[in-house]
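Each chain is listed here by its residues.
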Amino acid sequence: MSNKIRLGSMLAGLILISGTAFAKDKCETVVKAGLAKQPMAYDVKEIVIPKACKTFTLTLMNTNMAAFTKASMGHNLVISGEKKVQDIISKSSNPKLAPDYLDQKSGYLYATKMLGPNESDKLKISTAKLITTEKNDGNLVFYCTFPGHLMMKGKIILK
Ligand SMILES: [Cu+2]
């Protein structure tokens, strides 16, 4: 084997290793709400957040067609511990809070804006806060507080 070829394969190996390490700790994700076949759903049931990420960026996109308005079929993404879900959802479903349907004092950890079709919003999530909340309020979950959207719920997994 010539020196040139040996160097070439060593470099290829290094690129492969650094590529894998980068992919392992991906500190961002995009979640879609409102699917073609199911306007009242997220496209994922789980969001995996690596503890190695200090901050995790979560973007929520409402991909519903314009026929669904924010008032008739809005979507948000709220994060809290499992223990607080019922309280947060029942306080947030108050008709006085329309069309945003989120009680600011209900004790959630993070929440996007209530989105109409083709709107998006971004959360900058501190993993340290997630770890503390999981200890105090149980397993972490995400859900939509628009009235009647109880089926829009999934798990947040810290790993
Ligand atoms: Cu919703």
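Analysis parameters
- Residues numbered from 1 in each chain as written.
- Predicted model: local features only at pLDDT ≥ 70, side-chain atom pairs only at ≥ 80, totals over all residues.
- Helix = DSSP H or I, 4+ residues; strand = E, 2+ residues; numbered from the N terminus.
- Contact = placed C-beta atoms within 7 Å.
- Buried ≥ 20, exposed ≤ 12 C-beta atoms within 10 Å, placed from the backbone.
- Arc of directions from axis to C-beta.
- Pairing = 2+ DSSP bridges.
- Axes fitted to C-alpha atoms, helices over the stretch in contact; angles between N-to-C directions.
- Core = buried A, V, L, I, M, F, W, Y, C linked by C-beta atoms within 7 Å.

S.K.: How do you make sense of the overall build of the protein when you look at a structure like this?
M.R.: On a plain count of helices and strands, the protein comes out with 4 helices and 8 strands. Put simply, the protein runs from its N terminus to its C terminus through helices and strands in the order α-β-β-β-α-β-α-β-β-α-β-β. Counting contacts in the protein only where the partners sit at least 6 residues apart, residues at least 24 apart contribute 72% of the total.

S.K.: How should I be thinking about helix 3 (residues 85-92) in this particular structure?
M.R.: It helps to recall that an α-helix has 3.6 residues per turn; residues three or four apart then point in one direction. Those residues of helix 3 lying buried are Val85, Ile88, Ile89 and Ser92. For helix 3, the angular spread of the buried residues around the axis is 95 degrees, confining them to a single face. Turned more than 90 degrees away from the buried face of helix 3 sit Gln86 and Ser90, all of them exposed. Along its buried surface, helix 3 packs onto strand 4 (78-81) and strand 7 (140-143).

S.K.: Would you mind showing me how to read the sheet that holds strand 2 (residues 46-49) here?
M.R.: The strands making up a sheet are joined through hydrogen bonds of the backbone, oriented either antiparallel or parallel. On the basis of which strands lie adjacent, the open sheet formed by 5 strands has the order 2-8-7-4-5 and mixed pairing. Strand pairing shows two members of the sheet lacking a second neighbour, strand 2 and strand 5 (110-111), which therefore form its edges. As paired strands, strand 2 and strand 8 (residues 153-158) are joined by 4 bridges and run parallel to one another. Residue pairing for strand 8: Val48 is matched across the bridge by Ile157. Its contacts with the sheet put helix 4 (residues 127-137) on strand 2, strand 4, strand 7 and strand 8, and the angle it makes with strand 4 is roughly 45 degrees.

S.K.: I keep staring at the nonpolar core and nothing clicks. Help me out?
M.R.: One broad trend across soluble globular proteins is that nonpolar side chains are buried collectively. Residues Val78, Ile79, Tyr108, Phe142, Tyr143, Cys144 and Ile156 are the most contacted members of the largest nonpolar core, which totals 29 residues. Those elements that place two or more of their residues in this core are strand 2, strand 3 (55-62), strand 4, helix 3 and strand 7. Leave out the neighbours within four places in its chain, and Ile79 touches Tyr108, Leu109, Tyr110, Leu140, Phe142 and Ile156.

S.K.: Can you walk me through the sheet that holds strand 3 in this structure?
M.R.: Strand order in this open sheet of 3 strands is 1-3-6, and the pairing throughout is mixed. Each of the sheet's edge strands pairs with one partner strand only, and the pair in question is strand 1 (28-33) and strand 6 (120-126). The average undirected angle you get between the axes of adjacent strands in this sheet is 20 degrees. With 7 bridges joining them, strand 3 and strand 6 adopt antiparallel strand pairing. Counted as the bridge partner of Thr55 is Ser126 from strand 6.

S.K.: I tried to follow the environment of Gly116 on my own but got confused; where do I start?
M.R.: Relative to the helices and strands, Gly116 is located in the loop between strand 5 and strand 6. Of the residues examined, Gly116 has 19 C-beta atoms within 10 Å and is grouped as partly exposed. Measuring from C-alpha to C-alpha, the distance between Gly116 and Met61 comes to 9.3 Å, with 55 residues separating the pair along the chain. Once residues lying within four places of it in the same chain are set aside, the contact partners of Gly116 are Asn62, Thr69, Lys70 and Gly74.

S.K.: What am I meant to see in unusual backbone geometry here?
M.R.: Apart from glycine, the bulk of residues carry a negative phi angle, and the bulk of peptide bonds sit in the trans form. Cis peptide bonds are those with omega within 30 degrees of zero, and the linkage from Ala98 to Pro99 qualifies with -5 degrees. With respect to the helices and strands, Pro99 occurs in the loop between helix 3 and strand 5. Phi angles above zero are rare outside glycine, and Tyr101 is one such case at about 40 degrees. By the element assignment, Tyr101 lies in the loop between helix 3 and strand 5. A count of 22 C-beta atoms within 10 Å places Tyr101 in the buried class. Not every positive phi belongs to a glycine, and Asn118 is a case in point at roughly 65 degrees.

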